[in-house]
Amino acid sequence: MELNFKKCSEEDFEDFYILRCDKENIYWTGHDKEPNKDSLYKWYTEQLRRKDRIMFIVRADELDEPVGYLYLDIVGDNDVIETGHSVNSRYKGKGIGTKIIEFALDYTQRQLKFIKNVNGWILEDNIGSIKNVLKNGYYETEETKDIFLEDLNEYKKMRKYVYKINRSKGEK
């Protein structure tokens, strides 16, 4: 499956909305129901204006619907990226999550020369995402944080995974 990564624009909102209404995405983003479309549109357009977030919509050539999305958030002293991604549950198990992570690392290496680490905070029960990042060269840290998922009315633990960008001295 050939994937296309496009920086999000307003015209991509409907595809983003489809992905955010996916049952697995609803769960892994800490919600209990589909988002309100108007509220999500407002949030989405605010995200597009942020200077510290780059969003991509992921499509496959042969499909009429989006297969995933990716966020790259610049954090810390502007030398760390935190990633967030999702795969349309209809296409789980086809290597799309792996390709999204590979794209994130490649894009960071080529386009964001000031970044030293790519971090991912993953819910401890999200075994698929954990396997994906470890397979792609991240390492597990001891750092965790508890987050309260208001829509689910429960606390969950997230663990930090890190990929160190290996740059030659002339590349910095």
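## Some points on the sheet that holds strand 3 (residues 66–75)
Think of a sheet as strands paired side by side through backbone hydrogen bonds, with each pair either parallel or antiparallel.
Then, in step 1: In space, the 7 strands of this open sheet follow the order 1-2-3-4-5-7-6, with mixed pairing throughout. Two strands bound the open sheet, and with one partner strand each, they are strand 1 (3–7) and strand 6 (139–149). The mean angle between the axes of side-by-side strands here comes to 25 degrees, regardless of whether they run parallel or antiparallel.
Then, in step 2: In the sheet, strand 1 pairs with strand 2 (residues 53–60) via 5 bridges, with the strands oriented antiparallel. From the neighbouring strand, Asn4 faces strand 2, where its bridge partner is Arg59.

## Section: the state of the cysteines
Then, in step 1: This structure, assessed with the given rule, holds 0 disulfides.
Then, in step 2: Among the cysteines around Cys8, which has no disulfide bond, Cys21 carries the closest sulfur, lying 15 Å off.
Then, in step 3: Its relative accessible area of 14% is what places Cys21 among the buried residues.

## With respect to the environment of Arg90
Then, in step 1: Considering the arrangement of structural elements, one finds Arg90 in the loop between strand 4 (80–87) and helix 4 (96–111).
Then, in step 2: For Arg90, a relative accessible area of 59% corresponds to the exposed category.
Then, in step 3: A distance of 3.2 Å separates polar atoms of two side chains, one belonging to Arg90 and the other to Glu65.

## Here's the deal with the packing of helix 1 (residues 13–20) against helix 3 (residues 37–49)
Then, in step 1: In the contact formed by helix 1 and helix 3, the axes pass within 11 Å of each other and the chain directions differ by 120 degrees. Our classification of the angle between helix 1 and helix 3 gives oblique. Crossing handedness for the pair helix 1 and helix 3: right-handed. Between helix 1 and helix 3, the residues in contact are Phe13, Glu14, Phe16, Tyr17 and Arg20 and Lys37, Leu40, Tyr41, Trp43 and Tyr44, respectively.

## Describing unusual backbone geometry
Then, in step 1: The backbone of Asn78 sits at a positive phi, close to 60 degrees, despite the residue not being glycine.
Then, in step 2: Mapping Asn78 onto the fold places it in the loop between strand 3 and strand 4.

## With respect to the packing of aromatic side chains
Then, in step 1: Inspection of the entire model under this criterion finds 15 aromatic pairs.
Then, in step 2: Here the aromatic rings of Tyr69 and Tyr71 are separated by 5.2 Å at their centres, their planes lie at 25 degrees, and the arrangement is stacked. Tyr71 shares its class with Tyr69; the two are buried.
Then, in step 3: Positioned above the aromatic ring of Tyr71, the side-chain terminus of Arg53 is 4.3 Å from the ring centre.
Then, in step 4: Sitting over the face of the ring of Trp121, Lys145 holds its NZ or CZ atom 4.3 Å from the ring centroid.

## Quick notes on the pairing of strand 2
Then, in step 1: Burial analysis of strand 2 places 7 of its 8 residues in the buried class, the great majority of the element.
Then, in step 2: Note that strand 2 and strand 3 share 7 bridges and pair antiparallel. When the bridges of strand 3 are listed, Arg59 appears paired with Pro66.

## A short note on the environment of Lys156
Then, in step 1: Structurally, Lys156 can be placed in strand 7 (residues 154–164).
Then, in step 2: Given a relative accessible area of 13%, Lys156 falls into the buried group.
Then, in step 3: C-alpha separation for the pair Lys156 and Phe103, spaced 53 residues apart in sequence, amounts to 28 Å.
Then, in step 4: Only 2.6 Å separates the side chain of Lys156 from the side chain of Tyr27, close enough to count as a polar contact.

Rules behind the numbers
Residues numbered from 1 in each chain as written. Predicted model: local features only at pLDDT ≥ 70, side-chain atom pairs only at ≥ 80, totals over all residues. Heavy atoms only, no water. Pairing = 2+ DSSP bridges. Helix = DSSP H or I, 4+ residues; strand = E, 2+ residues; numbered from the N terminus. Axes fitted to C-alpha atoms, helices over the stretch in contact; angles between N-to-C directions. Disulfide = S-S within 2.5 Å. Buried < 20%, exposed > 50% of the residue type's maximum accessible area, 1.4 Å probe, protein only. Polar contact = N/O pair within 3.5 Å; in protein donor to acceptor, adjacent residues only side chain to side chain. Parallel < 35°, antiparallel > 145°, perpendicular 65-115°, else oblique. Left-handed = near helix turned anticlockwise from the far one by under 90°. Contact = heavy atoms within 4.5 Å. Phe/Tyr/Trp six-rings, centres within 6.5 Å; stacked < 30°, edge-to-face > 60°. Lys NZ or Arg CZ within 6 Å of the ring centre and 35° of its normal.

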